[in-house]
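# Structure at a glance
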Amino acid sequence: MKKFPTNFLWGAAMSAPQTEGHSLLNGKSASTWDHWFETNPEKFNANQGPADTSNIYELYKEDCQRMEDIGLNSIRTSIAWTRLLPDGKTLNPEAVAFYRDYFQEIRNHGVEPIINLFHFDMPMWLMEKGGWETRESVDAFAFYAKTAFEQFGDLVSKWTTFNEPLVHVECGYLFGYHYPAIVDFKKAVQVGYHTLMAHTCAVKAFREVLPQGEIGIILNISPAYARSESDADQQAKLASDLLNTRSFLDPAVHGHLPEELIALIKENELTPETQAEDTQLMAENTVDFIGLNYYQPRRVQAPTNPAKPAKMPSDLYGAYDWPEKRINPYRGWEIYPEAMYDVAIMMKNDYKNIPWFVSENGMGVADEERFLDENGMIQDDYRIEFMKEHLDYLHQGIQEGSNCFGYQTWTFVDCWSWLNGYRNRYGFYRVDLDNQFQRSVKKSGLWFKQVVQDNGYTN
Ligand code: IFM
């Protein structure tokens, strides 16, 4: 049997905008998602918008029972900034009551809540002022973070600032998948920098309000693998790792940006506006732990005919189509569990062996009804296989000394996934959209329960 460390956290991750529903109710103001769906519903799969996502707002008590039913000992979700502080300044008492009761209920079921502050859900009032492009966003986020720590710090001891901060940078300012769908590398770098400073200032507020607690950040990790050992391909790998991994991981853990990244940004005329005190703020406000969301690697090669200075990241590293790749056809993502080991060893060797956990890993599958059995249970053996393969490599990394304290899958109940709506399902529980979001456990949920019980599994 592959055994994991004592007190290992086994759980699932989710987020407020993807699960709560009631997105414009109970005092909540609009996020950019609410706004975008109102103005451009055609962009969203099957017209599925952010308003009614999985309805945890009403169903949280039953859902906390469901967490216990499949043995979870931890769960991650987020607070919606727009629910807690609808205008950025004034506390919404309904939100305080909701989150307090929700977090208490999670704890009552023996589940540890890990609470995140920002999961792609920018308040519309702030976006109208420029969103992460403006320095004002840093102070606004720090105020929101401080408010959340004050309101819920007695119920939550593990906090994270951002989920996958690179996603709103890339999807919002390079690739058009998130509002405001701008394509501008320089703006993307500025947005990333302000996000980093917002994270840093939130950590500072945390140390003041909750000195006993622990705080981290959740990063999506797609380690780069180069086509060859040639200098040009290795240069592409370095650029990819600098931009996609080290841009947040180095400051969060080491307290400073990598020199090579600063040089790369400068060479390409992308240097953002900064403030004199930022370097010291970063140095003084490192994290206690890291969460890494791992789904797929990044295969890279030297770019062909790159623009100089770079107009897009693809001018710094090209995409390499590895002939041996294995693909999840629903998502178009490569399945490469070996990277889990590489990441574990990277954390050990390059990041001071800081405590870290797998904060997301999972398999999105479309039309899962195909796998319903005669008792109404989704037989998702493919998902069990996916998790097992990844856990195998994680286990190997832990055996070699990597300080990993948990594994959370994406996700607990099927949830709304941005422009993809409910197309791809990931949950331990199926959500029936035709039947008022009724839940039913999938085979993977029962498999996971056994894993938690045994603190491991047999291959
Ligand atoms: O749904 C997303 C989540 O919001 C962030 N990580 C990846 C998930 C699956 O696409």
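So, here is what we can say about the structure in this document. It should be emphasised that the depicted structure is a prediction, and the values quoted were computed from it without experimental measurement.

## Concerning the overall build of the chain
Counting secondary structure elements, the chain contains 15 helices and 19 strands. Principal axes of the C-alpha set define a box for the chain whose edges measure 60 × 50 × 45 Å. Across the chain, contacts joining residues at least 24 apart in sequence account for 78% of those joining residues at least 6 apart. A total of about 17900 Å² of accessible surface is found on the chain, and carbon and sulfur atoms cover 49% of it. Between the centroid of the 42 positive side chains of the chain and the centroid of its 64 negative side chains there is a distance of 1 Å.

## Comments concerning the pattern of salt bridges
Within this structure, the stated rule accounts for 30 salt bridges. In this structure, Arg66 and Asp63 form a salt bridge, with 2.6 Å as the shortest nitrogen-oxygen distance. Of this pair, Arg66 and Asp63 both sit in helix α3 (residues 56–69), three residues apart, roughly one helical turn. Via salt bridges that share partners, Glu368, Asp380, Arg383, Asp414, Arg425 and Lys442 belong to a single interconnected network.

## Some points on the environment of Gly376
Its location among the elements puts Gly376 in the loop between β14 (365–366) and α14 (381–399). The spatial distance from the C-alpha of Gly376 to the C-alpha of Ile354 is 43 Å, given a sequence separation of 22 residues.

## A short note on the sheet that holds strand β2 (residues 9–13)
Taken in spatial order, the eight strands of this closed barrel run β2-β3-β4-β5-β6-β8-β13-β15, and their pairing is parallel. With direction set aside, neighbouring strand axes in the sheet form an average angle of 25°. Taken together, the four bridges between strand β8 (residues 289–294) and strand β13 (residues 356–360) define a ladder with parallel strand orientation. Across the sheet, Ile290 pairs through a bridge with Trp356, a residue of β13.

## As for the sheet that holds strand β7 (residues 224–226)
Pairing is mixed across the open sheet formed by three strands, whose spatial order is β7-β9-β10. Bordering the open sheet on either side are β7 and β10 (318–319), each of which pairs with just one other strand. Note that strand β9 (residues 298–301) and β10 share two bridges and pair antiparallel. Following the sheet pairing, Gln301 is matched in β10 by Gly318.

## Examining the site of the ligand
The full set close to the ligand counts 13 residues, and Gln18, His119, Glu164, Glu360 and Ser417 are the nearest of them. At 2.8 Å from an oxygen atom of the ligand is found a side-chain nitrogen or oxygen belonging to Gln18. In this structure, a nitrogen atom belonging to the ligand sits 2.6 Å away from a side-chain N or O atom of Glu360. Expressed as a share of its isolated accessible area of 280 Å², the protein-covered part of the ligand is 95%. For the shell around the ligand, a count of residues per class yields six nonpolar, four polar and three charged.

## Section: the pairing of β13
Most of β13 is tucked away: five of the five residues are buried. Two strands pair when backbone bridges link them, and β13 and strand β15 (residues 404–410) are joined in this way by two bridges, in the parallel orientation. Residue pairing in the sheet places Val358 in a bridge with Tyr407 of β15.

Definitions and limits used
Counting of residues starts from 1 at the beginning of each chain's written sequence and follows it residue by residue. Note on the predicted model: pLDDT of at least 70 is required for a residue's local features to be given, and 80 or more for side-chain atom pairs to be given and counted; whole-chain, interface and lining totals, by contrast, use all residues. Only hydrogens and water are set aside when side-chain values are computed; all heavy atoms of the structure are taken into account. A run of H or I in DSSP becomes a helix once it reaches four residues, and a run of E becomes a strand once it reaches two; helices and strands are each numbered from the N terminus. Pairs of residues are marked as contacts when any of their non-hydrogen atoms sit within 4.5 Å. The accessible surface values rely on the Shrake-Rupley method and a 1.4 Å probe; as for residues, cover is taken only from the protein chains in view. The positive count covers Lys and Arg only, the negative count covers Asp and Glu only, and His and the chain ends enter neither. A charged residue contributes its charge at one atom only: NZ of Lys, CZ of Arg, CG of Asp or CD of Glu. We count a salt bridge whenever a side-chain nitrogen from Lys or Arg sits within 4 Å of a carboxyl oxygen from Asp or Glu. We call two strands paired when DSSP finds no fewer than two bridges between them. Note on geometry: axes are lines fitted to C-alpha atoms, helical ones only across the stretch in contact, with angles between N-to-C directions running from 0 to 180 degrees. Any residue with a heavy atom lying within 4 Å of a molecule or strand is counted as near it. Polar contacts here mean pairs of N or O atoms no more than 3.5 Å apart (in protein, one a potential hydrogen donor and the other a potential acceptor; neighbouring residues in sequence count only if both atoms are side-chain atoms). Under the grouping applied here, Gly and all other residues not named as nonpolar or charged are polar, the nonpolar ones being Ala, Val, Leu, Ile, Met, Phe, Trp, Tyr, Cys and Pro and the charged ones Asp, Glu, Lys and Arg. Only protein chains enter the accessibility calculation, which uses a 1.4 Å probe; a residue whose area is less than 20% of its type maximum is buried, one above 50% is exposed, and one in between is partly exposed.

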